[in-house]
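Single-letter residue listing:
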Amino acid sequence: MRKIPLLLSLLAAASGADAGTFTLTSAQIAPNATIAKAQVYNGFGCTGDNVSPALSWQDPPAGTKGFALLVHDPDAPTGGSGWWHWVLIDIPATVDALPVGTGASDGSKMIAGVRQITTDFGSAGWGGPCPPVGDKPHRYNFTLHALDVPKLEVPPGASAALVGYLVNAHSLGKASLTGLYGREQ
């Protein structure tokens, strides 16, 4: 009878040793802090620089063959679907960082082989925060998924929602970072 509690303790310790080690950080975005004007969208009444932040990660799960990054605002007033701000797939497993400005819409600063998917702004590339004036600050969730495949089979013109579905189907684990942004009246 004593073997079962000991086994459960060992299993809990083993899973706890791996839990929480996969991390995502940014020099521009502190966890749950306000996102700077440099990252804010330039359009729809917003006057930011629309530059994607630098991101770095460490300790992905064993067996990681690639990564995908999904940046989503769940607070956008869209009837429940939120707003996709940046979607990157086919990030090689050897990559552990994205420099500032990687998300240029023309793809000029993107890492070779990485694909940017069309966002809810209607184009590929980084689209920074731009919530409606007067809304409480929105949450911008950066979620990096470690994948069990090096590349995703994504059809041309796929929506960010479809890509998210495929990413989740191949995810070995994820690391997240949330920044906040609001516009006062």
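To keep things clear, this report deals only with the structure shown in the data block. The model shown is predicted, which means the values in this text are computed figures rather than measured ones.

On to the overall build of the protein chain. When helices and strands are tallied, the protein chain shows two helices and ten strands. Of the regular secondary structure in the protein chain, the N- to C-terminal order runs α-β-β-β-β-β-β-β-β-β-α-β. Within the protein chain, contacts between residues at least 6 apart in sequence are counted, and of these 73% link residues at least 24 apart. Counting every atom, the protein chain has about 9,700 Å² of accessible surface; 57% of that belongs to carbon and sulfur.

Take the nonpolar core next. Residues Leu55, Trp57, Leu69, Trp86, Ile91 and Phe142 are the most contacted members of the largest nonpolar core, which totals 29 residues. Counting residues per element, this core draws most heavily on strand 9 (residues 138–147), which supplies four residues. The contact partners of leucine 55, leaving out residues within four places of it in the chain, are Leu24, Thr25, Ser26, Leu69, Trp86, Asp96, Ala97, Leu98, Phe142 and Leu177. In this structure, Trp84, Val149, Val163 and Val167 belong to the second largest nonpolar core, which totals 15 residues.

Take the side chain of aspartate 90 next. Within the secondary structure layout, aspartate 90 lies in strand 6 (residues 83–92). With a relative accessible area of 5%, aspartate 90 lands in the buried category. Among the polar contacts listed, one links the side chain of aspartate 90 to the side chain of arginine 115, at a separation of 2.7 Å. At a separation of 2.9 Å, a polar atom in the side chain of aspartate 90 contacts the main-chain amide nitrogen of leucine 152.

A word on the pattern of salt bridges. Enumeration according to the criterion identifies two salt bridges in this entry. When the shortest N-O distance is used, the salt bridge between aspartate 75 and arginine 139 registers 2.6 Å. Placement of aspartate 75 in the loop between strand 5 (66–73) and strand 6 and of arginine 139 in strand 9 is noted, with a sequence separation of 64 residues between them. Exposure remark for arginine 139: the relative accessible area of 39% places this residue in the partly exposed category. Aspartate 90 is the partner of arginine 115 in a salt bridge, and the nearest nitrogen-oxygen pair spans 2.7 Å. Taken as a pair, arginine 115 in strand 8 (residues 115–116) and aspartate 90 in strand 6 lie far apart in primary sequence, 25 residues in all. A relative accessible area of 31% places arginine 115 in the partly exposed class.

Extensive coverage of strand 6 is indicated by the burial of eight of its ten residues. Where strand 5 and strand 6 come together, seven bridges link them in antiparallel fashion. Within strand 6, the residue paired with histidine 72 across the bridge is tryptophan 84. Bridge count between strand 6 and strand 8: two bridges; the pairing is antiparallel. Within the sheet, the bridge partner assigned to leucine 88 lies in strand 8 and is glutamine 116.

Thresholds applied
Residues numbered from 1 in each chain as written. Predicted model: local features only at pLDDT ≥ 70, side-chain atom pairs only at ≥ 80, totals over all residues. Heavy atoms only, no water. Helix = DSSP H or I, 4+ residues; strand = E, 2+ residues; numbered from the N terminus. Contact = heavy atoms within 4.5 Å. Areas by Shrake-Rupley, 256 points an atom, 1.4 Å probe, with all protein chains shown as cover. Core = buried A, V, L, I, M, F, W, Y, C linked by side-chain atoms within 4.5 Å. Buried < 20%, exposed > 50% of the residue type's maximum accessible area, 1.4 Å probe, protein only. Polar contact = N/O pair within 3.5 Å; in protein donor to acceptor, adjacent residues only side chain to side chain. Salt bridge = Lys/Arg side-chain N within 4 Å of Asp/Glu carboxyl O. Pairing = 2+ DSSP bridges.

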